[in-house]
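Next come the chains, spelled out residue by residue.
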Amino acid sequence: MKLISTLILTLIASFLIGQTIITNIVQPATGDSFYYKIDTASTGILLGNTGGNQSWDFSLLSSNINSSEVYRKSSEGSNSAAFPTADAVVIQGLTENYYKFYTNRIELLGTATRAGGLPIPGVGGANVFPKPVVTQKYPENYTDPLSYSVVNSINIPIAIIPDSILALLPLKPDSIRINFDTKFSKVADAWGTLKLPAKTWNVLREKRQTESTSTLDAFISKPFPIGWIDVTALASGIFTGFFGTTKTTSFAFVSNETKGLIASVNLDTLGNPTTVQFKPDDKVFVITENEFAINQIKIYPNPSKHEINIASINLDPGSYTLVVTDVYGKEIVRSNRFISNVANLKLDISNFLNGAYYMKLINNKGTEKASQAFVKF
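Residues numbered from 1 in each chain as written. Predicted model: local features only at pLDDT ≥ 70, side-chain atom pairs only at ≥ 80, totals over all residues. Heavy atoms only, no water.

1. Things to note about the overall build of the chain
Next up, step 1: Across its full length, the chain holds three helices and 22 strands.
Next up, step 2: Counting the 377 residues in the chain, one finds 40% classified as buried.
Next up, step 3: Carbon and sulfur atoms form 55% of the exposed surface of the chain, whose accessible area is close to 19,900 Å². (Helix = DSSP H or I, 4+ residues; strand = E, 2+ residues; numbered from the N terminus. Buried < 20%, exposed > 50% of the residue type's maximum accessible area, 1.4 Å probe, protein only. Areas by Shrake-Rupley, 256 points an atom, 1.4 Å probe, with all protein chains shown as cover.)

Structural data, given as structure tokens:
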């Protein structure tokens, strides 16, 4: 019986150690740029099953279509004044998304239409959410869910609506607004390794589902002060196919080895892959100001019970601050260390609780130069 219990505990421990956990060391920061390729043929894509210790082979992906995601200073957004607490803005076409970063989550404060982005006077402006929505939590583990709902509205001045359309309405509105109600949900349904053309990554897979509904409101003040009313049913007859509900499903692959997505697979209504966005290189730990850096340290043995060695691969010699945090971002160790070209650092972890930890080295200018995860058992 004791042997069986020990075997079960060993299997559980092996499962937990191998499992990918996403922590705030890969949280985006202002200045980060993520570059991707998009494959529209979806060659050799098999999504496999849910569960742990999966293996996905996307090594046949290829593309000459580029995509990017840039976290700019919030002041670079044309509607930044409406989001004074935002840390960053991501601009996608005519839309600006404003974000706030915390150690354990990312919040979306609201969206905006870029001023001057449309050739229509009066259209644009900020849509500040009454309550920020959490778009990412840290740490993220296998089976963790997350969901949120947002409503974006675009006001359209009545002066730009053609008279031929206004003549079809029973009452003339003062203004019109288009609403986009989006419900988003995801769950980490699998973990394992993902092989891309440039590198094999340890990943957590998220099944993401989005339901978007577009509606039309009209503001009526004459001859009766009705206020805002939903006129979607009427508008659907005029603008065929524009209003309604669409549902999408995709699978996103994320890793604690680097920031940004590793890959994202879009599905059609039958569940078949249509397009794949993927990381085209083997760079890890993207840092701010659009620079890239390889992991510059190696921790061994990993996992470890009593002590770890920290080997410098190509860090400049000098004084560094060594910081260790747990998966919740709580600081466990902070000490000053000197790194040379030949010497390795040692850290006693015998008093640490069993679990995953993250270590980073910060130079004397306050810049994080390297980061790595390790497990205490």
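2. Here we look at the nonpolar core
Next up, step 1: Of all hydrophobic cores here, the largest spans 27 residues; its most connected members are Ile 22, Tyr 71, Tyr 99, Phe 101, Val 133, Tyr 148 and Leu 204.
Next up, step 2: For this core, the secondary-structure elements that each account for two or more residues are β1 (33-39), β5 (88-92), β6 (95-101), β7 (105-113), β8 (125-137), β9 (145-157), β10 (175-195) and β13 (244-254).
Next up, step 3: Sequence-distant contacts of Val 133, that is, excluding residues within four places in its chain, are made with Ile 106, Glu 107, Leu 108, Tyr 148, Ser 149 and Val 150. (Core = buried A, V, L, I, M, F, W, Y, C linked by side-chain atoms within 4.5 Å. Contact = heavy atoms within 4.5 Å.)

3. Observations concerning the pattern of salt bridges
Next up, step 1: Under the defined criterion, the tally for this structure stands at 14 salt bridges.
Next up, step 2: Between Glu 140 and Lys 186 there is a salt bridge whose closest N-O contact spans 4.0 Å. Remark: Lys 186 occurs in strand β10 and Glu 140 occurs in the loop between β8 and β9; sequence separation between them is 46 residues. Grouping residues by exposure puts Glu 140 and Lys 186 together as buried.
Next up, step 3: Among the charged side chains, a network of salt bridges with common partners joins Glu 140, Lys 186, Glu 206 and Arg 208. (Salt bridge = Lys/Arg side-chain N within 4 Å of Asp/Glu carboxyl O.)

4. Thoughts on the side chain of Asp 189
Next up, step 1: Relative to the assigned elements, Asp 189 resides in strand β10.
Next up, step 2: Not counting the four nearest positions on each side in its chain, Asp 189 is found in contact with Thr 50, Gly 51, Tyr 142, Arg 205, Glu 206, Lys 207 and Phe 251.

5. Details of the packing of aromatic side chains
Next up, step 1: Counting across every chain of the model gives ten aromatic pairs.
Next up, step 2: Ring geometry for Tyr 71 versus Phe 101: centroids 6.2 Å apart, planes at 50 degrees, classification tilted. Separated by 30 residues along the polypeptide, Tyr 71 in the loop between β3 (65-70) and β4 (72-73) and Phe 101 in strand β6 bring together distant segments of the chain. Comparing Tyr 71 with Phe 101, the two get one shared label, buried.
Next up, step 3: Counting every residue linked through ring pairs, the aromatic cluster contains Phe 34, Tyr 71, Tyr 99 and Phe 101.
Next up, step 4: Directly above the aromatic system of Trp 228 lies the positively charged group of Arg 177, at a separation of 4.0 Å from the ring centroid.
Next up, step 5: Looking at Lys 199, its charged tip hangs above the ring of Trp 201, at a distance of 4.9 Å from the centre. (Phe/Tyr/Trp six-rings, centres within 6.5 Å; stacked < 30°, edge-to-face > 60°. Lys NZ or Arg CZ within 6 Å of the ring centre and 35° of its normal.)

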